[in-house]
Amino acid sequence: MPITLTVPEGLLSPQAQAEAFSGLADAILEVSGLTGNAFMTANIVGSINVLPKEHVLAGGKVVAAAFVELKLPEIALATPEAKSAFIEKATDIVEKAAGGRLKREHIWSNIVYAPEGAWGIAGRSYDNASLIEAIAGSGVTL
């Protein structure tokens, strides 16, 4: 489940970046009810993009802002409540990591879904049923 955290240079220290990313990974597992699931934990991946300050914009103007993008298979965070819970947790995590240097209204999150069969891990394409089997095989049933 790739997570992309994008921030302008200087907003988060390298330690705060790592802590924020770890918090985002924990949040997706928690909201999904998969904390401790070996398959899912190993497949929470992603990147932290640190851009020059002048490349982070809101309303067409340079601003201190952060963007969280989560890419998921169709079966993940399937309810409006789950989506809302992740977005709220993600915002809290990034706001805390910024230590007062970022307005809450300048934290944007989005969730992007891969269509059925378009989820790949280690060269293997998973449809929803095979992904559920892999997750359940790690000791958690959905």
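See above for the structure.
### Thoughts on the layout of surface pockets
Computed from the structure, the largest pocket encloses a volume of approximately 210 Å³. For the largest pocket, the lining is made up of 17 residues, of which Ser 32, Leu 34, Ile 75, Ala 76 and Leu 77 are closest to its centre. Across the lining of the largest pocket, the residue classes break down as 16 nonpolar, one polar and no charged.

### Thoughts on helix 3 (residues 80-98)
Between its first and last C-alpha atoms helix 3 spans 27 Å; for 19 residues at 1.5 Å apiece the expected length is 27 Å, and the two agree. If you check which residues of helix 3 are buried, you get Ala 82, Phe 86, Ala 90, Thr 91, Val 94, Ala 97 and Ala 98. One side of helix 3 carries all its buried residues, which in axial view fall inside an arc of 165 degrees. Turned more than 90 degrees from where helix 3 packs its buried face, Pro 80, Glu 81 and Lys 96 sit exposed. Lining the buried residues of helix 3 we find strand 1 (3-8), helix 1 (14-32), strand 5 (66-73) and strand 6 (107-114). Positive backbone phi, approximately 55 degrees, marks Gly 99, located one or two places after helix 3.

### Details of the packing of aromatic side chains
One pass over the full model with this rule turns up two aromatic pairs. Sitting over the ring of Tyr 126, Arg 124 keeps its end group 4.2 Å from the ring centre.

### With respect to the nonpolar core
If you look at the biggest cluster of nonpolar residues, it comprises 41 residues, and the most contacted ones within it are Leu 77 and Phe 86. Mapped onto this core, the elements with two or more residues apiece are strand 1, helix 1, helix 2 (38-42), strand 5, helix 3, strand 6, strand 7 (119-121) and helix 4 (128-136).

### Notes on the pattern of salt bridges
As enumerated under the stated definition, the model contains four salt bridges in all. Notably, a salt bridge pairs Lys 89 with Glu 30, separated by 3.0 Å at the nearest N-O pair. Of the two residues, Lys 89 sits in helix 3 while Glu 30 sits in helix 1, which places them 59 residues apart along the sequence. Look at Glu 30 and you get partly exposed, because its relative accessible area is 46%. Lys 71 is paired through a salt bridge with Glu 69; the nearest N and O atoms lie 2.9 Å apart. When its relative accessible area of 32% is taken as the criterion, Lys 71 is described as partly exposed. What makes Glu 69 partly exposed here is its relative accessible area of 24%. Each of Asp 92, Glu 95 and Arg 104 takes part in salt bridges that share partners, so that together they form one network.

### So, the packing of helix 1 against helix 3
Closest axis-to-axis distance for the helix 1/helix 3 pair is 9 Å, and the angle between their directions is 165 degrees. Taken together, the axes of helix 1 and helix 3 are roughly antiparallel relative to one another. Regarding helix 1 and helix 3, the two cross each other, and that crossing is right-handed. Taking contact as the criterion, the partners of Ala 16, Ala 20, Gly 23, Leu 24, Ala 27, Ile 28, Glu 30 and Val 31 in helix 1 are, on helix 3, Ala 82, Ala 85, Phe 86, Lys 89, Ala 90, Ile 93 and Ala 97. Per-class residue counts for the contact of helix 1 with helix 3 are 12 nonpolar, one polar and two charged.

Here is what the cut-offs are and how they apply
Residues numbered from 1 in each chain as written. Predicted model: local features only at pLDDT ≥ 70, side-chain atom pairs only at ≥ 80, totals over all residues. Heavy atoms only, no water. 1 Å grid on protein atoms, 1.4 Å probe; cavity = no way out; pocket = protein on both sides within 12 Å on 5 of 7 lines; lining within 4 Å. Points joined across faces, edges and corners; volume = space filled by probe spheres on them. Nonpolar A, V, L, I, M, F, W, Y, C, P; charged D, E, K, R; others polar. Helix = DSSP H or I, 4+ residues; strand = E, 2+ residues; numbered from the N terminus. Expected span 1.5 Å × (residues − 1). Buried < 20%, exposed > 50% of the residue type's maximum accessible area, 1.4 Å probe, protein only. Arc of directions from axis to C-beta. Contact = heavy atoms within 4.5 Å. Phe/Tyr/Trp six-rings, centres within 6.5 Å; stacked < 30°, edge-to-face > 60°. Lys NZ or Arg CZ within 6 Å of the ring centre and 35° of its normal. Core = buried A, V, L, I, M, F, W, Y, C linked by side-chain atoms within 4.5 Å. Salt bridge = Lys/Arg side-chain N within 4 Å of Asp/Glu carboxyl O. Axes fitted to C-alpha atoms, helices over the stretch in contact; angles between N-to-C directions. Parallel < 35°, antiparallel > 145°, perpendicular 65-115°, else oblique. Left-handed = near helix turned anticlockwise from the far one by under 90°.

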